[in-house]
Amino acid sequence: MKLELRLVRRDRAAEAREVTVRHLVIAGWTGRDAAATEAHIRELEAIGVPRPAAVPTFYRAAAGLLTTSPAIQVLGGDSSGEVEPVLVVLGGELWIGLGSDHTDRGAERSGVSLAKQLCAKPVGREFWLFSEVADHWDEVVLRSWAVHGGERRLYQEGPAAALLRPEDLLARYRTQAAWASGTAMFCGTLPVIGALGHADRFEVRLADPVLGRSIDAAYDVEVLPVVT
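Given the structure is predicted, the values throughout are model-derived calculations rather than measurements.

The rules behind the values
- Residues numbered from 1 in each chain as written.
- Predicted model: local features only at pLDDT ≥ 70, side-chain atom pairs only at ≥ 80, totals over all residues.
- Heavy atoms only, no water.
- Salt bridge = Lys/Arg side-chain N within 4 Å of Asp/Glu carboxyl O.
- Helix = DSSP H or I, 4+ residues; strand = E, 2+ residues; numbered from the N terminus.
- Phe/Tyr/Trp six-rings, centres within 6.5 Å; stacked < 30°, edge-to-face > 60°.
- Buried < 20%, exposed > 50% of the residue type's maximum accessible area, 1.4 Å probe, protein only.
- Lys NZ or Arg CZ within 6 Å of the ring centre and 35° of its normal.
- Pairing = 2+ DSSP bridges.

**Student:** Can you lay out the pattern of salt bridges for me, pointing to particular residues and giving the numbers?
**Tutor:** Under the defined criterion, the tally for this structure stands at 22 salt bridges. The closest approach of N and O atoms between Glu38 and Arg51, which form a salt bridge, is 2.3 Å. Placement of Glu38 in helix α1 (residues 34–45) and of Arg51 in the loop between α1 and β4 (57–61) is noted, with a sequence separation of 13 residues between them. The salt bridge partner of Lys116 is Asp101, with a shortest N-O separation of 2.5 Å. With Lys116 in helix α3 (residues 112–117) and Asp101 in the loop between β9 (93–100) and β10 (103–104), this residue pair connects regions lying 15 residues apart in the sequence.

Here is the structure:
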(Lines give C-alpha, C1' and ligand atoms only; values in the text may rest on other atoms or scores of the structure.)
Protein backbone atom coordinates (compact mmCIF):
# COMPACT_ATOMS: atom_id res chain seq x y z
CA MET A 1 0.00 0.00 0.00
CA LYS A 2 1.44 3.37 -1.02
CA LEU A 3 0.77 6.34 1.26
CA GLU A 4 1.65 9.97 0.60
CA LEU A 5 3.07 11.13 3.95
CA ARG A 6 4.56 14.33 5.30
CA LEU A 7 7.66 13.61 7.41
CA VAL A 8 8.43 16.38 9.91
CA ARG A 9 11.80 17.14 11.50
CA ARG A 10 12.27 20.26 13.61
CA ASP A 11 15.59 21.25 12.00
CA ARG A 12 14.50 21.20 8.35
CA ALA A 13 11.56 21.61 6.03
CA ALA A 14 8.92 18.88 6.08
CA GLU A 15 9.47 16.20 3.46
CA ALA A 16 6.68 14.82 1.31
CA ARG A 17 7.38 11.17 0.65
CA GLU A 18 5.58 8.24 -0.91
CA VAL A 19 5.90 5.37 1.57
CA THR A 20 5.15 1.75 0.71
CA VAL A 21 3.64 -0.21 3.61
CA ARG A 22 3.64 -3.97 3.07
CA HIS A 23 2.76 -5.18 6.56
CA LEU A 24 0.24 -3.89 9.08
CA VAL A 25 0.36 -4.81 12.78
CA ILE A 26 -2.35 -3.73 15.21
CA ALA A 27 -1.30 -3.88 18.86
CA GLY A 28 -4.13 -4.42 21.30
CA TRP A 29 -4.46 -4.27 25.08
CA THR A 30 -1.45 -1.97 25.37
CA GLY A 31 -2.30 -0.03 28.52
CA ARG A 32 0.48 0.49 31.07
CA ASP A 33 -2.06 0.59 33.89
CA ALA A 34 -3.46 -2.88 34.46
CA ALA A 35 -6.69 -1.47 35.87
CA ALA A 36 -7.26 0.76 32.83
CA THR A 37 -6.52 -2.13 30.48
CA GLU A 38 -8.97 -4.28 32.38
CA ALA A 39 -11.56 -1.49 32.05
CA HIS A 40 -11.16 -1.54 28.26
CA ILE A 41 -11.40 -5.34 28.19
CA ARG A 42 -14.63 -5.18 30.21
CA GLU A 43 -15.89 -2.39 27.95
CA LEU A 44 -15.63 -4.73 24.99
CA GLU A 45 -16.83 -7.77 26.95
CA ALA A 46 -20.03 -5.83 27.57
CA ILE A 47 -20.75 -5.96 23.84
CA GLY A 48 -19.77 -9.62 23.53
CA VAL A 49 -16.08 -9.42 22.64
CA PRO A 50 -14.06 -12.26 24.23
CA ARG A 51 -11.06 -11.56 26.44
CA PRO A 52 -7.64 -11.59 24.76
CA ALA A 53 -5.37 -14.59 25.22
CA ALA A 54 -2.37 -12.34 25.91
CA VAL A 55 -1.68 -8.73 26.90
CA PRO A 56 -0.53 -7.06 24.72
CA THR A 57 -1.68 -8.90 21.60
CA PHE A 58 -0.36 -8.25 18.09
CA TYR A 59 -2.90 -8.73 15.31
CA ARG A 60 -1.99 -8.83 11.63
CA ALA A 61 -4.19 -7.12 9.06
CA ALA A 62 -3.91 -6.39 5.35
CA ALA A 63 -1.74 -3.37 4.57
CA GLY A 64 -4.24 -2.45 1.87
CA LEU A 65 -6.66 -1.35 4.59
CA LEU A 66 -4.54 1.72 5.31
CA THR A 67 -5.88 4.94 3.85
CA THR A 68 -5.45 8.70 4.07
CA SER A 69 -8.85 9.22 2.41
CA PRO A 70 -11.30 11.65 4.06
CA ALA A 71 -14.07 9.02 3.90
CA ILE A 72 -14.50 5.28 4.32
CA GLN A 73 -17.34 2.85 3.64
CA VAL A 74 -18.48 0.23 6.16
CA LEU A 75 -21.05 -2.54 6.09
CA GLY A 76 -23.86 -1.88 8.56
CA GLY A 77 -23.89 0.35 11.61
CA ASP A 78 -21.85 -1.68 14.09
CA SER A 79 -18.42 -0.16 13.49
CA SER A 80 -16.55 2.59 15.31
CA GLY A 81 -13.19 4.33 15.27
CA GLU A 82 -10.58 4.85 17.97
CA VAL A 83 -7.52 7.08 18.11
CA GLU A 84 -4.11 5.39 18.16
CA PRO A 85 -0.46 6.35 17.71
CA VAL A 86 0.92 4.78 14.53
CA LEU A 87 4.55 3.69 14.31
CA VAL A 88 6.65 3.18 11.17
CA VAL A 89 10.36 2.62 10.68
CA LEU A 90 11.80 4.38 7.63
CA GLY A 91 15.47 4.21 6.74
CA GLY A 92 16.29 2.92 10.21
CA GLU A 93 14.51 5.85 11.90
CA LEU A 94 11.40 5.62 14.06
CA TRP A 95 8.47 7.85 13.04
CA ILE A 96 5.22 8.41 14.90
CA GLY A 97 1.86 9.55 13.61
CA LEU A 98 -1.74 8.75 14.35
CA GLY A 99 -4.67 6.83 12.95
CA SER A 100 -8.01 5.30 13.76
CA ASP A 101 -8.34 1.57 14.19
CA HIS A 102 -11.86 1.53 12.76
CA THR A 103 -13.34 -1.85 13.69
CA ASP A 104 -16.55 -3.79 13.12
CA ARG A 105 -17.79 -4.29 16.69
CA GLY A 106 -20.39 -6.84 15.66
CA ALA A 107 -17.74 -9.02 14.03
CA GLU A 108 -15.53 -8.72 17.13
CA ARG A 109 -17.95 -11.03 18.91
CA SER A 110 -16.88 -13.77 16.50
CA GLY A 111 -13.19 -12.91 16.50
CA VAL A 112 -11.01 -9.84 16.91
CA SER A 113 -8.70 -10.78 14.03
CA LEU A 114 -11.68 -11.04 11.71
CA ALA A 115 -13.07 -7.69 12.86
CA LYS A 116 -9.73 -5.95 12.33
CA GLN A 117 -9.75 -7.10 8.72
CA LEU A 118 -13.19 -5.75 7.81
CA CYS A 119 -12.73 -1.96 7.97
CA ALA A 120 -10.37 0.57 6.43
CA LYS A 121 -7.74 2.01 8.78
CA PRO A 122 -7.49 5.80 8.35
CA VAL A 123 -4.14 7.44 9.13
CA GLY A 124 -3.02 11.05 9.20
CA ARG A 125 -0.52 12.20 6.58
CA GLU A 126 1.90 13.83 9.04
CA PHE A 127 4.52 11.85 10.97
CA TRP A 128 7.04 13.14 13.49
CA LEU A 129 10.55 11.87 14.05
CA PHE A 130 10.05 9.95 17.29
CA SER A 131 13.44 10.89 18.74
CA GLU A 132 12.20 14.51 18.89
CA VAL A 133 9.30 13.60 21.19
CA ALA A 134 10.78 10.58 23.00
CA ASP A 135 11.92 12.52 26.08
CA HIS A 136 8.43 13.92 26.71
CA TRP A 137 6.29 11.27 25.01
CA ASP A 138 4.26 10.66 28.18
CA GLU A 139 3.00 14.27 28.00
CA VAL A 140 1.63 13.86 24.48
CA VAL A 141 -2.19 13.77 24.50
CA LEU A 142 -4.51 11.62 22.40
CA ARG A 143 -8.05 12.77 21.64
CA SER A 144 -10.92 11.70 19.43
CA TRP A 145 -14.35 13.11 18.70
CA ALA A 146 -17.42 11.35 17.33
CA VAL A 147 -19.93 13.29 15.23
CA HIS A 148 -23.40 11.81 15.00
CA GLY A 149 -26.55 13.54 13.77
CA GLY A 150 -24.64 16.82 13.65
CA GLU A 151 -23.59 16.60 17.32
CA ARG A 152 -19.84 16.50 18.04
CA ARG A 153 -18.78 14.94 21.33
CA LEU A 154 -15.46 14.12 22.92
CA TYR A 155 -15.09 10.37 22.50
CA GLN A 156 -11.62 9.67 23.95
CA GLU A 157 -8.98 11.70 25.77
CA GLY A 158 -5.85 10.87 27.69
CA PRO A 159 -2.05 11.02 27.80
CA ALA A 160 0.25 8.73 25.86
CA ALA A 161 1.52 7.72 29.31
CA ALA A 162 -1.57 5.51 29.57
CA LEU A 163 -0.16 3.25 26.83
CA LEU A 164 3.01 1.22 26.51
CA ARG A 165 5.68 3.28 24.75
CA PRO A 166 5.99 2.74 20.98
CA GLU A 167 9.58 1.54 21.17
CA ASP A 168 8.56 -0.91 23.93
CA LEU A 169 5.82 -2.33 21.71
CA LEU A 170 8.27 -2.61 18.83
CA ALA A 171 10.72 -4.51 21.04
CA ARG A 172 7.98 -6.87 22.29
CA TYR A 173 6.77 -7.53 18.75
CA ARG A 174 10.29 -8.29 17.60
CA THR A 175 10.53 -11.09 20.16
CA GLN A 176 7.55 -12.76 18.43
CA ALA A 177 8.04 -11.97 14.75
CA ALA A 178 10.42 -10.27 12.36
CA TRP A 179 9.90 -6.56 11.81
CA ALA A 180 10.09 -6.46 8.04
CA SER A 181 10.81 -3.36 6.02
CA GLY A 182 7.61 -1.52 5.19
CA THR A 183 5.75 -2.35 8.41
CA ALA A 184 3.34 -0.05 10.24
CA MET A 185 2.03 -0.62 13.77
CA PHE A 186 -1.05 0.79 15.46
CA CYS A 187 -0.04 1.18 19.12
CA GLY A 188 -3.27 0.78 21.08
CA THR A 189 -6.00 3.06 22.31
CA LEU A 190 -7.75 4.58 25.33
CA PRO A 191 -11.13 3.74 26.87
CA VAL A 192 -14.01 5.70 25.40
CA ILE A 193 -15.94 8.37 27.29
CA GLY A 194 -19.41 6.91 27.56
CA ALA A 195 -20.34 4.00 25.31
CA LEU A 196 -18.74 2.55 22.19
CA GLY A 197 -20.77 3.42 19.16
CA HIS A 198 -21.13 4.24 15.50
CA ALA A 199 -20.71 7.82 14.29
CA ASP A 200 -21.08 9.64 10.99
CA ARG A 201 -17.61 11.10 11.37
CA PHE A 202 -14.54 10.52 13.53
CA GLU A 203 -11.85 13.10 14.27
CA VAL A 204 -8.52 12.24 15.92
CA ARG A 205 -5.65 14.30 17.30
CA LEU A 206 -2.14 13.72 18.65
CA ALA A 207 -1.09 16.85 20.56
CA ASP A 208 2.40 17.68 21.80
CA PRO A 209 2.09 20.40 24.48
CA VAL A 210 5.86 20.69 24.91
CA LEU A 211 6.68 21.56 21.29
CA GLY A 212 3.30 23.17 20.71
CA ARG A 213 2.18 21.15 17.70
CA SER A 214 -0.41 18.54 16.80
CA ILE A 215 -1.37 16.04 14.14
CA ASP A 216 -5.01 15.94 13.12
CA ALA A 217 -7.01 13.62 10.91
CA ALA A 218 -10.70 13.14 10.23
CA TYR A 219 -12.91 10.97 8.08
CA ASP A 220 -16.57 10.50 7.27
CA VAL A 221 -18.24 7.10 7.54
CA GLU A 222 -20.65 5.93 4.86
CA VAL A 223 -22.78 2.99 5.96
CA LEU A 224 -23.58 0.44 3.29
CA PRO A 225 -26.79 -1.61 3.67
CA VAL A 226 -26.63 -5.20 4.88
CA VAL A 227 -28.52 -7.35 2.38
CA THR A 228 -29.37 -10.93 3.39
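Now that the structure has been shown, the text picks up again.
**Student:** Help me get a handle on the packing of aromatic side chains, residues and values and all.
**Tutor:** Within the structure shown, the criterion is met by five aromatic pairs. Taken together, a centroid distance of 5.3 Å and an interplanar angle of 65 degrees make the contact between Phe58 and Tyr173 edge-to-face. In this pair, Phe58 is assigned in strand β4 and Tyr173 in helix α4 (residues 166–174), connecting sequence segments 115 residues apart. Exposure remark for Phe58: the relative accessible area of 14% places this residue in the buried category. A relative accessible area of 6% means that Tyr173 is categorised as buried. Ring centres of Tyr155 and Phe202 lie 5.7 Å apart, and the angle between their planes is 70 degrees; this geometry places the pair in the edge-to-face category. Taken together, the positions of Tyr155 in strand β14 (residues 151–159) and Phe202 in strand β16 (residues 201–208) put the pair 47 residues apart, joining distant regions of the chain. Members of the aromatic cluster, connected to one another through ring pairs, are Phe58, Tyr173 and Trp179. Arg213 extends its terminal NZ or CZ atom over the ring of Trp128, reaching a point 4.3 Å from the ring centre.

**Student:** Could you give me a rundown of the pairing of strand β13 (residues 141–148), with the residues and numbers involved?
**Tutor:** Counting buried residues in β13 gives six out of eight residues, a clear majority hidden from the surface. Summarising the sheet, β13 and β14 pair through eight bridges and their orientation is antiparallel. In the sheet register, Ala146 faces β14, and the bridge partner there is Arg153. With antiparallel pairing between neighbouring strands as the criterion, β13 and β14 make up a hairpin whose turn holds two residues, including Gly149 at a positive phi of roughly 60 degrees. Bridging between β13 and β16 involves seven bridges; their strand directions are antiparallel. The residue bridging Trp145 from the neighbouring strand is Glu203, located in β16.

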